[in-house]
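Residues per chain, in single letters:
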Amino acid sequence: MGRLVVVSNRVADPRKTASGGLAVALGQALQASGGLWFGWSGKVVEGGTPGEGDVHLQTAGPVQLATVDLSREDHDSYYLGYSNGVLWPVFHYRLDLADFDAGFIGGYRRVNQMFAHKLAAMLRPDDVIWVHDYHLIPLAAELRNMGCQQRMGFFLHIPLPPPLILAAVPEHEWLMRSLFAYDLVGFQCEADVAHFSRYVGTETSADILGEHEFRAFGKTLQVQAFPIGIDVDEFAALGRGRDAIDMYEQMRDEYSRRRLLLGVERMDYSKGLPQRIKAFRQLLQNYPENLGSATLIQIAAPSRESVDAYAALRHELESLCGSVNGDFGELDWMPVRYIHRSVARKRLPGLYRAACVALVTPLRDGMNLVAKEFIAAQDPEDPGVLVLSRFAGAAEQMRDALLVNPYDTTRTAETMQRALQMPLEERQRRHQALLQQVREQDVHWWRQRFLNALNAVSAS
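Residues numbered from 1 in each chain as written. Predicted model: local features only at pLDDT ≥ 70, side-chain atom pairs only at ≥ 80, totals over all residues. Heavy atoms only, no water.

Looking at this model, I keep getting lost on the overall build of the chain. Mind explaining?
Across its full length, the chain carries 16 helices and 16 strands. Rg of the C-alpha trace for the chain: 22 Å, near the compact-globule value of 23 Å for 460 residues, within the 12% margin. Referenced to the eigenvectors of the C-alpha coordinate spread, the extents of the chain come out at roughly 65 × 45 × 40 Å. Taking all 460 residues of the chain together, 57% fall into the buried category. For the chain, the share of sequence-separated contacts (at least 6 apart) that also reach a separation of at least 24 residues comes to 78%. Counting every atom, the chain has about 18500 Å² of accessible surface; 46% of that belongs to carbon and sulfur. (Helix = DSSP H or I, 4+ residues; strand = E, 2+ residues; numbered from the N terminus. Rg over C-alpha atoms; globule rule 2.2 N^0.38 Å. Buried < 20%, exposed > 50% of the residue type's maximum accessible area, 1.4 Å probe, protein only. Contact = heavy atoms within 4.5 Å. Areas by Shrake-Rupley, 256 points an atom, 1.4 Å probe, with all protein chains shown as cover.)

This is how it looks when you write it as C-alpha cells:
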C-alpha cells in the first residue's frame, strides 16, 4: 500500500495527547504508517478572499501536516452554516434546529473545491486517501474532477439518518451522489448502513448488487460498518500517570461517603443532557435511599457557544441542575456538580475510575468513545457500571451495558437505581465482557479493517 493521506476538517499533531476521539484515532493511524494529514488550520482570515487560503506545512515525526486557512466568508458558510447549521442537526435527527439557508451550500462546495485543489498538488500516484466526516463529503468528487485516480475511502463519524430525514437536506441528491466518487464508504454501525441502502433504493436509480455493494452513476461503491474504537493500552497508560492517580485519589477522598454517577461530554443538544438531569431528579424522588448519598458529576465542555441553540441548551441545563440542588440539596451535600469546562484528558481515567456509574445517554450519537474509555479505566476487581443509550452507535457492540431509552426518564431512573444496586459479581461479569469487546475492536482494529477493505476494493 502506498502513502496514507488523511483528510479531515481539523488537524492535530499525532505526537501529542489529544482530547477528541477523531484526533486520537487518526493520530494512531498516521503514527503507525507515516503519511500526510491535510485539513483546515483553524485560522480564520478576516478580509480573506473566498475560495483561497494559505497552506502551512509542518513535520511531526513520520507525518507531514498540511493545513489551509479559511476566509471569514468561507468559515461562516462552510463550517458554521452548512456543516454545523444543516448537516449536524439533520444527521442527528434535529430538523427543527437546522438552518436551511440555501446560500450556505455555495460556501460548502467552494471550500471542498479549494481543499481538493490544494491537496491534489501534494499527492503521489500511489497514495491512499482517507477522508473523514461530514465537512468533506464531496471532496473525492472534486478530486476526481481534477483527474485524481488514487484509491479513496470516506468515513462518517456521525450518524446517517433515515431517508426521509436525509431528504430534508438541501440538494441531498448531489450530496449522496458525491459519495459514489469514493471506492469505499464506512459508517459507524449497521443501522447507518441500512439507512444508506434504503436511501439508495428509494431516492436514486442505483442497483443494489449485494448487502454492501451498490452501482450508480457509472461507479461501483462498497459500503460497510467500521465501528471506531480507542487505544486501550494508551488509555490504560494514562490511567497509570500521576495526573490520573491524583484525580482518582482526590475524588475518592472527597466523596468517600457518596456514590458517584458521572457524565462527560461536549455541551451539545445531541447528548441528552436535560433528559439526564430529569432522570436523575426522578432517581432521587423515587428512591429516597439515594438522598445524601448519590452525587451526579456532570461535565459539559463548552461547544459552539455563539450558536443560539447551544446557548439555550446551556441555560436549560443550568436551570435544571439548580432546581435539583435547590429541591434536594443539604448543607453538606449537593446532588449535582455541574462543570461547564473541559477536563484534561490525562486526568479523565482517574475520574472515570472513581465513578460507580457512567451515564452515556445521548439522544443520537455516531459511536461515543466515552463509553469505551470508561470501561478501559475501571478496576476489574470493583468496576463501575455503564448506562448507555440505545441510540449511541456503541450500543450495537456494547450489549453488556445497561441500555436505556433517554427519552423515557422514568425507566432511565430505574436503570440508574439498578446500576447503583448491582451486585459485585454481576458488575465484574459485565465489565469483563465489555472490556474484551473494547480490546478486540480497538482503534488499531478499526484502522486496519478499513484500510484492508479499501485495498481489497481497489484490487477487485
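Just to check I follow, could you spell out the pattern of salt bridges for this structure?
Between side chains of opposite charge, a pair can form when the charged atoms approach closely. Taken as a whole, this structure holds 27 salt bridges when the rule is applied. For Arg-439, the salt bridge identified is with Asp-233, shortest N-O distance 3.1 Å. Of the two residues, Arg-439 is situated in helix 15 (residues 424-440) and Asp-233 in helix 8 (residues 232-239); the sequence distance between them amounts to 206 residues. Assessed through its relative accessible area of 42%, Arg-439 is described here as partly exposed. With a closest N to O distance of 2.9 Å, Lys-271 and Asp-365 form a salt bridge. (Salt bridge = Lys/Arg side-chain N within 4 Å of Asp/Glu carboxyl O.)

Looking at this structure, how should I read the side chain of His-132?
For His-132, the position within the fold is in strand 5 (residues 128-132). In this structure the side chain of His-132 is engaged in a polar contact, spanning 2.9 Å, whose partner is the side chain of His-157. (Polar contact = N/O pair within 3.5 Å; in protein donor to acceptor, adjacent residues only side chain to side chain.)

Looking at this model, I keep getting lost on the side chain of Asp-442. Mind explaining?
By the element assignment, Asp-442 lies in the loop between helix 15 and helix 16 (443-459). This buried residue, Asp-442, is left without a salt bridge; Arg-439 holds the nearest opposite charge, at 6.6 Å. There is a polar contact of 2.9 Å between the side chain of Asp-442 and the backbone nitrogen of Trp-445. When residues no more than four places from it in sequence are discounted, the contact partners of Asp-442 are Gly-229, Ile-230 and Val-232. (Lys, Arg positive; Asp, Glu negative; His and termini not counted.)

How should I be thinking about the packing of aromatic side chains in this particular structure?
Here a ring pair, both rings aromatic, is described through the centre-centre distance and the interplanar angle of the planes. Taken as a whole, this structure holds 21 aromatic pairs when the rule is applied. Where Phe-38 meets Phe-115, the ring centres are 5.7 Å apart and the plane angle is 90 degrees; that geometry is what we call edge-to-face. Taken as a pair, Phe-38 in strand 2 (residues 35-45) and Phe-115 in helix 3 (residues 104-120) lie far apart in primary sequence, 77 residues in all. Like Phe-115, Phe-38 is buried. The interplanar angle of 80 degrees and the centroid separation of 5.3 Å between the aromatic rings of Phe-155 and Trp-446 together place this pair among those described as edge-to-face. (Phe/Tyr/Trp six-rings, centres within 6.5 Å; stacked < 30°, edge-to-face > 60°.)

What is the right way to look at the nonpolar core in this model?
Note on soluble globular proteins: their nonpolar side chains tend to be buried together. In this structure, Phe-91, Phe-115, Leu-139, Tyr-182, Phe-196 and Phe-280 are the most contacted members of the largest nonpolar core, which totals 94 residues. Leu-30, Ala-60, Ile-297 and Leu-434 belong to the second largest nonpolar core, which has 59 residues in total. (Core = buried A, V, L, I, M, F, W, Y, C linked by side-chain atoms within 4.5 Å.)

Would you mind showing me how to read helix 7 (residues 190-203) here?
Every α-helix carries 3.6 residues per turn, so stepping three or four residues along brings you back to the same face. For helix 7, which comprises 14 residues, the first-to-last C-alpha distance of 20 Å matches the rise-based estimate of 20 Å (1.5 Å per residue) to within 8%. Of the residues making up helix 7, those classed as buried are Asp-192, Val-193, His-195, Phe-196, Tyr-199 and Val-200. Relative to the axis of helix 7, the buried residues are bounded by an arc of 160 degrees and lie together on one face. Buried residues belonging to helix 7 abut helix 5 (163-166), helix 6 (172-178), strand 7 (184-187), strand 9 (213-216) and strand 10 (219-225). (Expected span 1.5 Å × (residues − 1). Arc of directions from axis to C-beta.)

Where do I start with the pairing of strand 3 (residues 55-60) in this structure?
Side-chain direction in a regular strand flips from residue to residue, so the side chains alternate between the two faces of the sheet. As paired elements, strand 3 and strand 4 (residues 63-71) share six bridges and run antiparallel to each other. Bridging from a neighbouring strand, Thr-59 pairs with Gln-64 of strand 4. Where strand 3 hands over to strand 4, the hairpin turn is made up of two residues, of which Gly-61 adopts a positive phi near 65 degrees. (Pairing = 2+ DSSP bridges.)

Would you take a moment to explain the sheet that holds strand 7 for this structure?
By definition, the strands of a sheet pair up through backbone hydrogen bonds, in either a parallel or an antiparallel sense. Spatially, 3-4-2-1-5-6-7-10-9-8 is the arrangement adopted by the 10 strands of the open sheet, whose pairing is mixed. Each edge of the open sheet is held by one strand with a lone partner, namely strand 3 and strand 8 (207-210). Averaged over all pairs of adjacent strands, the angle between strand axes in this sheet comes to 25 degrees, irrespective of strand direction. Here strand 1 (residues 4-10) runs beside strand 2; their pairing, made up of five bridges, is parallel. (Axes fitted to C-alpha atoms, helices over the stretch in contact; angles between N-to-C directions.)

Shape is all these values report; function is a separate question.
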